[in-house]
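Structure at a glance
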Amino acid sequence: MKIIVLIATALLSLQAFSQSNLKGKITDQNNQTVIGAVVQIKELGNSTSTDVSGDYLLSNINEGTYLVRIEMLGYQTILKRIAFDGSSSVTYNVILSDDISRLDEVVISASRHSEYLSEIPASVTVVGQAKLQEFAKSTSNISEILEFTVPGLAMSSGTFSNWGQTLRGRSLLVMVDGIPQSSPLRNGQLGIKSITPNDISRVEVIKGATSIFGNGGNGGFINYITKKPNSIKKIEGSTNVWGTSNLAEARDALGFGVYQSFKGNLDKFSYYISGSYEETGNKYDAKGIPLLPTYGFDNSKIYSTLGKIEYQLAENQKITLGGNFYKSMQNSPFIPVAAKVEVFNKEGDYTILAGYGEKGTIEGEKANGSILGNGQLTYNLNNIFSETTDFQTDLYYQNTENIFFYSDKFENGGQSVINAEKYGLRPNFITTLSNNKAANITLTYGVDLLRDKTNQGLLDGRLWVPNIEMTSWAPYAQSTLKFNEKWVVKTGLRYDDINMDIANYSTLPYSGKSDGNFTPSVDVQGGKLNFNNLAFNFGVRYIEHQEFIPYVSYSQGFSIADLGSVLRSATAGNINDIQLEAAVTKNYEFGFLSKFNTLKFEAVGYYSTSSLGTGIVFVDELNTFQPSKQPQRIYGAEVAVDYFTPNDKWQFGTSYSYVEGTKYNVGDENNVSYLGGDVIAAPKLTVYANWKPIPKVSTSIRVTNSGDRERFDPFLNAKTNKYEYRHTEFPVSGYTLVNLSLAYQLEPNLSVSLAVNNLLNEYYLPARSQWASPLKTFTGAGEGANAKLSLQYNF
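Structural notes, computed from the coordinates.

About the cut-offs
Along each chain, the written sequence defines residue order, and numbers are assigned to residues from 1. pLDDT decides what is reported in this predicted model: residues at 70 or higher carry local features, side-chain atom pairs at 80 or more are listed and counted, and totals for whole chains, interfaces and linings draw on all residues regardless. Values shown for side chains rest on all heavy atoms present in the structure; no hydrogens or waters enter the calculation. Centres within 6.5 Å make a pair out of two Phe, Tyr or Trp rings, where for Trp the six-membered ring is used; the pair is then stacked when the planes are under 30 degrees apart, edge-to-face when over 60, and tilted otherwise. Each helix is a run of H or I in the DSSP string that is no shorter than four residues. Each strand is a run of E no shorter than two, and both are numbered from the N terminus. The rule is simple: take the accessible area with a 1.4 Å probe, protein chains only, and divide by the maximum for that residue type; under 20% is buried, over 50% is exposed, in between is partly exposed. Axis definition: a line fit to C-alpha positions, over the contact stretch in the case of helices; interaxial angles, taken between N-to-C directions, run 0 to 180 degrees. Roughly parallel means an angle under 35 degrees; roughly antiparallel, over 145; roughly perpendicular, 65 to 115; everything else is oblique. Here a crossing is called left-handed whenever its near helix is offset anticlockwise from the far helix by less than a right angle, and right-handed whenever the offset is clockwise. The contact criterion used is simple: two residues touch if any of their non-hydrogen atoms lie within 4.5 Å. Each residue is assigned to one of three groups, with Ala, Val, Leu, Ile, Met, Phe, Trp, Tyr, Cys and Pro labelled nonpolar, Asp, Glu, Lys and Arg labelled charged, and all others, Gly among them, labelled polar. In short, DSSP must find at least two bridges between two strands for them to pair. Here the term patch refers to residues with relative accessible area over 30% and no salt bridge, with like charges joined within 9 Å and nonpolar side chains (Val, Leu, Ile, Met, Phe, Trp, Tyr) within 5 Å. What sets the accessible areas is the Shrake-Rupley method with a 1.4 Å probe; for residues, cover comes only from the shown protein chains. Any Lys or Arg side-chain nitrogen found within 4 Å of a carboxyl oxygen on Asp or Glu counts as a salt bridge. Positive residues here are Lys and Arg, negative ones are Asp and Glu, while His and the chain termini are left out of the count. Each polar contact in these results corresponds to two N or O atoms within 3.5 Å; when the atoms are within protein, one needs to be able to donate a hydrogen and the other to accept it, and residues that are neighboring in sequence are counted only if both atoms are side-chain atoms. By nonpolar core is meant a set of buried Ala, Val, Leu, Ile, Met, Phe, Trp, Tyr and Cys residues that side-chain atoms within 4.5 Å join together.

1. A few points about the packing of aromatic side chains
Applying the stated criterion across every chain, the model contains 34 aromatic pairs. Here Tyr-66 and Phe-84 contribute two aromatic rings whose centre-to-centre distance is 6.3 Å and whose plane-to-plane angle is 35°, an arrangement assigned as tilted. With Tyr-66 in strand β5 (residues 64-71) and Phe-84 in strand β6 (residues 78-84), this residue pair connects regions lying 18 residues apart in the sequence. For the pair formed by Tyr-66 and Phe-84, the shared burial category is buried. Ring centres of Phe-592 and Phe-601 lie 5.7 Å apart, and the angle between their planes is 35°; this geometry places the pair in the tilted category.

So this is what it looks like as structure tokens:
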């Protein structure tokens, strides 16, 4: 009997150790990694998901033939029967096809690891590669793409600057592959337009503060995730050429661009490299008048490159070296003519004559624009600590040079330039503490280390913002708990410790309104400053029924107001007397997502408070900028609907965003006033319809409407005895823009497209041109009807 037992035990043991594995890589039709795809064999109760590299491993498969199911929301499900001999591994690589409805997405930025959008207790917008390619037919300006696709994001300024393009009335943090593109030491507000759409794989916009990222993201953050070196061929690529022109006036308005990318796989090496060059011509409004060249897009040369090399060290290890360079420089043949603004009476009746460009040059003026570069070395180590933990760390470098236009606000005039240089190190761990249907618990934790050196001076050598060196460290932890496939609970903590060393400096005489009334120069003694903050976030989402997936969340944000703007306007003689404080925000949010086959409906309401203003304000009496000391309350709502017909021939959608905000003096909470347009955007409505009558033809029409916002009353200026509106507190009148695009597939790998923007050639003033009109120098009309013709070839 003992012999029989021993033999049976041996056979069972042999069977236990004689099992197969299924492994492979999952990519999409663009050879981009698909993260979070589920691979399962239901008969055995086995399942796994793809990691950040798109790789998966399904172990402990007994001998037999089983139905393997691979699914990912947003892609068509794959079903395949595979035979296993019980002893060897089977490799099965899969290319998933898009499901055009794309009712769900996988998001990485919200927790630094992949998770379903519908399971995140926060408001998130994902702009995928297919949508980016569609919009790139119309424009190469990413801020205009996000204006339409991201509810809650303010309208584009119509210029190179994103000043006033807030997210739910709060400042936002812009990143490229997680690397911050702006500096809290001196935010030039040019970060949104820091990369070409052709190099972006997806854009993830997280709304509301989060403990996973820190300083600067009170309203949330935009993370541009660049394309990866995912390919199954040794070489493949894409070529795109285009031409542009203004249709309202064609004089010297022609522009052109070319983009080329290559990618491939060479055993353990894979690579991606791209480059683009674009030139723009003259830009005109609907009346054929040259646009105001200040922060303009006219007569610009734009260079962009992206490169990545990836090496697979082992099955669970890889190292990636990458970086991108972006340069946009304007050299306009026009000089700016300031707008004319007149307020007629105390009732606030007014008129605005937009600024424009007239032929001419300013002696000594140099080309202006933005130059930035990012470098990143990333190391991934997966399935460590008994296969419970993935580790990723990256070392990054970022350098920015923002050269601004000539300004007479300085004595004797001049051009300023922001120089910023960052070094960062970010080790990050993702540990699965429990992984079953009853409870799935994941913990993300790590630390962000940053060194930032920034100043702002004039090209003639005068220093405007002193040399500032910031070092910071910020440990964080974010947990995600999933219970019974019904509830998701997310909590997080982040502690920021920021130290600054500010050199001695002297302020420059400055006239904010260009009226010759210059502030006096002040000698300021520098010193050391320290800021620290503990931020917390909590959210719950109910996910059992896709027809109604509600959530509620609370989050805290932390940011330092544009420090450089404060320092350059100092009136105190010592840095310690300027009374610098960090703004802390508290965000409350409730929303839900509903999915019905080909219909998606999303709605959210939010409320946000801050102990201080989160930016700077212009003080008319002092003719300069000062940090905002007034607490703020901001509230709003967003609704978005998308519908796709079952045959995929039609797609319809609309979104509406509303935000409002008030401020008050400390100790006088009942005496409130409205926040200015630089913070609060007018209501925004978007509508689109896509039609694909035959497989080779696709059309799209998009409508964007900026509503009215008339909240302010003028004041009587004692010096001029005239009525005026305060800076940013100017009424905004609405306008509507219609864009049309057509595309035709000439061959499977060759397509042509034509887009017309501002199809109806409407004359309008962008929202920023209106609320900033008291300064007169930033008020220009929007571009009239303009076209883009493109040809794309893939090989």
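The discussion continues.
2. What about unusual backbone geometry?
In this model, Ser-386 sits at a positive phi of 60°, which is unusual for a non-glycine residue. Checked against the element boundaries, Ser-386 lands in the loop between β25 (368-384) and β26 (389-407). Phi angles above zero are rare outside glycine, and Asn-484 is one such case at about 55°. If you trace the backbone, Asn-484 turns up in the loop between β29 (463-483) and β30 (487-502).

3. A closer look at the packing of helix α2 (residues 129-136) against helix α3 (residues 142-149)
Taken N-terminus to C-terminus, the directions of α2 and α3 make an angle of 120°; their axes are 10 Å apart at the nearest point. What the angle tells us is that α2 and α3 run oblique. For α2 against α3, the interelement crossing comes out right-handed. Where α2 approaches α3, its residues Lys-131, Leu-132, Phe-135 and Ala-136 are matched on the opposing element by Ile-142, Ile-145, Phe-148 and Thr-149. Among the residues forming the contact of α2 with α3, the class breakdown is six nonpolar, one polar and one charged.

4. Quick word on the sheet that holds β6
Spatial strand order, β3-β2-β5-β6: four strands in an open sheet with antiparallel pairing. Sheet topology places β3 (46-49) and β6 at the edges, where each strand pairs with a single neighbour. This sheet shows a mean twist of 20° between the axes of neighbouring strands, independent of strand direction. As paired strands, strand β2 (residues 38-41) and β3 are joined by four bridges and run antiparallel to one another. Across the sheet, the residue bridging to Val-38 is Ser-49, located in β3.

5. What to know about the environment of Phe-795
Note on placement: Phe-795 falls in the segment after β48 (786-794). On the accessibility criterion, Phe-795 (34% relative accessible area) is partly exposed. If near-sequence neighbours (up to four positions away) are discounted, Phe-795 is found in contact with Glu-236, Gly-237, Ser-238, Thr-239, Gln-260, Ser-261 and Phe-262.

6. Here we look at α3
The buried fraction of α3 is high, at seven of eight residues. Those residues of α3 that fall on the buried side of the exposure criterion are Ile-142, Ser-143, Ile-145, Leu-146, Glu-147, Phe-148 and Thr-149.

7. Quick notes on a nonpolar patch on the surface
Judged by side-chain polarity, Leu-266, Phe-269, Ile-309, Leu-313, Ile-319, Leu-321, Leu-377, Leu-395, Leu-425, Leu-449 and Trp-473 come together as a nonpolar surface patch covering roughly 940 Å² of accessible area. Within the secondary structure, Leu-266 sits in strand β17 (residues 255-266). The exposure class of Leu-266 is partly exposed, given its relative accessible area of 45%.

8. Some points on the side chain of Lys-422
Structurally, Lys-422 can be placed in strand β27 (residues 414-435). Notably, Lys-422 is buried but unbridged: the nearest opposite-charge side chain belongs to Asp-452, and the N-O separation is 4.4 Å.

9. Examining the pattern of salt bridges
Per the stated rule, a full pass over the model turns up 26 salt bridges. Across the salt bridge formed by Glu-115 and Lys-490, the nearest N and O atoms sit 3.1 Å from each other. One end of the pair, Glu-115, is in strand β10 (residues 115-116); the other, Lys-490, is in strand β30, and 375 residues separate them in sequence. On the basis of relative accessibility, which here comes to 5%, the residue Lys-490 falls in the buried class. Where Glu-669 meets Arg-633, a salt bridge forms, and the shortest distance between an N and an O atom there is 2.9 Å. Of this pair, Glu-669 sits in strand β41 (residues 668-674) while Arg-633 sits in strand β39 (residues 632-644), and the two are 36 residues apart along the sequence.

10. A few points about the environment of Pro-290
Tracing the sequence through the fold places Pro-290 in the loop between β18 (269-279) and β19 (300-314). Taking the C-alpha atoms as reference points, Pro-290 and Gly-557, separated by 267 residues in sequence, lie 42 Å from one another. Here Pro-290 is in contact with Lys-283, Tyr-284, Phe-334, Tyr-356 and Gly-357, once residues within four sequence places are set aside.

11. Observations concerning the pairing of strand β23 (residues 350-353)
Alignment of strand β22 (residues 340-343) against β23, held across four bridges, turns out to be antiparallel. Considered in β23, the bridge of Glu-342 is made with Thr-351. Here β22 folds back onto β23 in antiparallel fashion, the turn holding six residues, of which Gly-348 has a positive phi close to 95°.

12. Details of the side chain of Arg-494
Within the secondary structure layout, Arg-494 lies in strand β30. In this structure the side chain of Arg-494 is engaged in a polar contact, spanning 3.0 Å, whose partner is the side chain of Asp-448.

13. Here's the deal with the nonpolar core
Generally speaking, soluble globular proteins have nonpolar side chains that are buried together. Grouped together as the largest cluster of nonpolar side chains are 25 residues, with contacts concentrated most on Met-500, Phe-531, Leu-567 and Ile-578. When contributions to this core are tallied by element, the ones reaching two or more residues are β29, β30, β33 (527-542), β34 (549-560) and α4 (563-568). Once residues lying within four places of it in the same chain are set aside, the contact partners of Leu-567 are Pro-466, Ile-468, Ile-502, Tyr-505, Thr-507, Ile-575, Ile-578 and Leu-580. Leu-132, Ile-145, Leu-172 and Tyr-688 belong to the second-largest nonpolar core, a separate cluster that totals 22 residues.

14. Comments concerning the pairing of strand β35 (residues 582-596)
Note: β34 against β35, 12 bridges, orientation antiparallel. If you follow Tyr-554 over to β35, its bridge partner there is Tyr-588. Sheet topology note: the β35/strand β36 (residues 599-610) ladder contains 12 bridges and is antiparallel. Considered in β36, the bridge of Gly-591 is made with Val-604. Adjacent in sequence and paired antiparallel, β35 and β36 are bridged by two residues, among which Asn-597 carries a positive phi angle near 55°.

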